[in-house]
Amino acid sequence: MNTPAGYRGRFAPSPTGPLHFGSLITAVGSYLQARAQQGQWLLRMEDIDEPRCVPGAADEILRTLEHYGFQWDGEVWVQSQRQAIYAEVCSQLQTQQHLFPCACTRKQVIAQAEQLQLPKGVYPGTCRTGLNPQQTPRTLRLKVPDQSIEWTDQIQGIQQQHLQQQVGDFIIRRADQRFAYQLVVVIDDALAGITDIVRGSDLLDSTPRQLYLQQCLNYSSPHYAHLPVALDTRGDKLSKQTFAQPLDPQQAQADLWAALDFLGQHPQQDIKTEPLDTLWQWAHAHWQLSSVPKQRGIKI
Ligand code: GLU
């Protein structure tokens, strides 16, 4: 594949609502790491899951990032405009016999896993050997191998997952005909020439599926660094689903300072009130990925 040389990182928000402190941590971590390597930082709007997207959220995210002083490279990648590419890669996987049609609903998969005493939602390979003529195909799944995927995360250390035992054959095209996150993220990262992925550790569990897909598609694998995620007082990840407070651009300095602190960079108290530019200068000069902790306690 023809990809540009040098470090290329990215930030890939889903426009399902405004950015919150958890998203800021990912944006700050991926941005500073890219710039510390004299690399590029791309922005990708992950609006593939249309029913979950909120009208206007993508524009609001871009405005918020600008207010906080982020500067991305090139045009914003927009997943909803890339369906034809995803369809082509999906056909390629089909031709290579990596996929099979599955008739199971989510409820059925949960019940099957329970019956077989597998971890929650692990797909036990029910439709792998083919559907009978009365069954209607719902989704397309990727056959996973009976082996462990191992990799070293730059923050979380050595990681391992047995795809068949811990995940099972996973969905590539959903019942609503939309392409699954796992597929589109792998395609877009490869086609954008992303060399390094810095993102929240809530996605750690998806990485082996993505590594395996990269193998199937003959893509090279990027390096991964999974940042600690911010939790609310109940211990849940800050997210739109848990009604995390949207970022307030009026608070940009204080938020950036808090994000740097959260990421283990130890910004001094006295720079908290400095102009945003000064804070960014400090951040660029002091950023160390090796200081980022694996996990953090409760944030708010
Ligand atoms: N769009 C995903 C999110 O907002 C991030 C995907 C990724 O970084 O791979 O959680």
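Before any of the text, the structure's been laid out above.
Let me sum up the structure you'll find in this document. Just so it is clear, the structure is predicted and the values come from calculations on it, not from any experiment. (Residues numbered from 1 in each chain as written. Predicted model: local features only at pLDDT ≥ 70, side-chain atom pairs only at ≥ 80, totals over all residues. Heavy atoms only, no water.)

## What to know about the overall build of the protein
Convention followed: Helix numbering and strand numbering both begin at the N terminus, where a helix is a DSSP run of H or I of at least 4 residues and a strand a DSSP run of E of at least 2. In this treatment the radius of gyration is a C-alpha quantity, and the globule benchmark scales as 2.2 Å times the residue count to the 0.38 power. Throughout, exposure labels follow a simple rule: accessible area from a 1.4 Å probe, protein chains only, divided by the maximum for the residue type, with under 20% read as buried, over 50% as exposed, and the rest as partly exposed. In what follows, residue pairs with any heavy atoms lying within 4.5 Å of each other are defined as contacts. Here Asp and Glu are counted as negative and Lys and Arg as positive; His is not counted, and neither are the chain ends. Every charge is mapped onto a representative atom, which is NZ of Lys, CZ of Arg, CG of Asp or CD of Glu.
Looking only at helices and strands, the protein has 9 helices and 10 strands in total. The C-alpha atoms of the protein give 20 Å as radius of gyration, which agrees with the globular expectation for 300 residues (19 Å, within 12%). Counting only residues that meet the buried cut, the protein has 50% of its 300 residues in that class. Within the protein, counting contacts between residues at least 6 apart in sequence, those at least 24 apart form 76% of the total. Between the averaged position of the 26 positive side-chain charges in the protein and that of its 29 negative side-chain charges there is a distance of 7 Å.

## Overview of the site of the ligand
For the record, the criterion: By convention in these notes, a residue is near a molecule or strand provided one of its non-hydrogen atoms lies within 4 Å of it. In protein, a polar contact means a hydrogen-donor-capable atom and an acceptor-capable atom, both N or O and within 3.5 Å, with residues adjacent in sequence counting only if both atoms are side-chain atoms; elsewhere, any N or O pair within 3.5 Å suffices. Computed with a 1.4 Å probe, the accessible areas rest on the Shrake-Rupley method; for each residue, only the protein chains presented here act as cover.
Lining the immediate environment of the ligand, one finds Arg10, Ala12, Pro13, Ser14, Glu46, Tyr181, Val185, Arg199 and Leu203. A distance of 2.7 Å is found between a nitrogen atom of the ligand and a backbone nitrogen or oxygen belonging to Ala12. Here the ligand has 300 Å² of accessible area as a free molecule, and 78% of this is covered by the chains.

## Quick word on the packing of aromatic side chains
Under the convention used in this document: Working definition: a ring pair exists when centres of Phe, Tyr or Trp rings (six-membered ring for Trp) sit within 6.5 Å. Plane angles under 30 degrees give stacked, over 60 give edge-to-face, the rest tilted. Comment: the charge-over-ring label is applied if NZ (Lys) or CZ (Arg) is within 6 Å of the ring centre and within 35 degrees of the ring normal.
Tallied over the full model, the rule gives 9 aromatic pairs. Taking the centre distance of 5.3 Å and the plane angle of 85 degrees together, the rings of Tyr31 and Trp280 count as edge-to-face. Here Tyr31 is found in helix 1 (residues 21-36), whereas its partner Trp280 is found in helix 9 (residues 276-286), with 249 residues between them in sequence. Under the relative-accessibility criterion, Tyr31 is labelled buried at 4%. The exposure class assigned to Trp280 is buried, which follows from its relative accessible area of 6%. The structure contains a cluster of three or more aromatic residues connected by ring pairs, namely Phe11, Tyr31, Trp41, Phe70 and Trp280. In this arrangement the basic side chain of Arg141 is found over the ring face of Tyr123, its NZ or CZ atom lying 3.9 Å from the centre. A cation sits over an aromatic face here: Lys272 above Trp257, 4.2 Å from the ring centre.

## Side note on the pattern of salt bridges
Put simply, the rule reads: Here, a salt bridge means any Lys or Arg side-chain nitrogen found within 4 Å of an Asp or Glu carboxyl oxygen.
Summed over the entire model, instances satisfying the criterion amount to 13 salt bridges. Across the salt bridge formed by Asp49 and Arg174, the nearest N and O atoms sit 3.1 Å from each other. With Asp49 in the loop between strand 2 (40-45) and helix 2 (57-67) and Arg174 in the loop between strand 8 (170-173) and helix 6 (181-191), this residue pair connects regions lying 125 residues apart in the sequence. Judged by relative accessible area, Arg174 falls into the partly exposed class, the value being 22%. Between Asp188 and Arg82 there is a salt bridge, and its shortest N-O distance comes to 2.8 Å. In this pair, Asp188 sits in helix 6 while Arg82 sits in the loop between strand 3 (77-78) and helix 3 (83-95), placing the two residues 106 residues apart along the sequence. Look at the salt bridges and you will find they share partners, linking Arg10, Arg44, Glu46, Arg82, Asp188 and Asp189 into a network.

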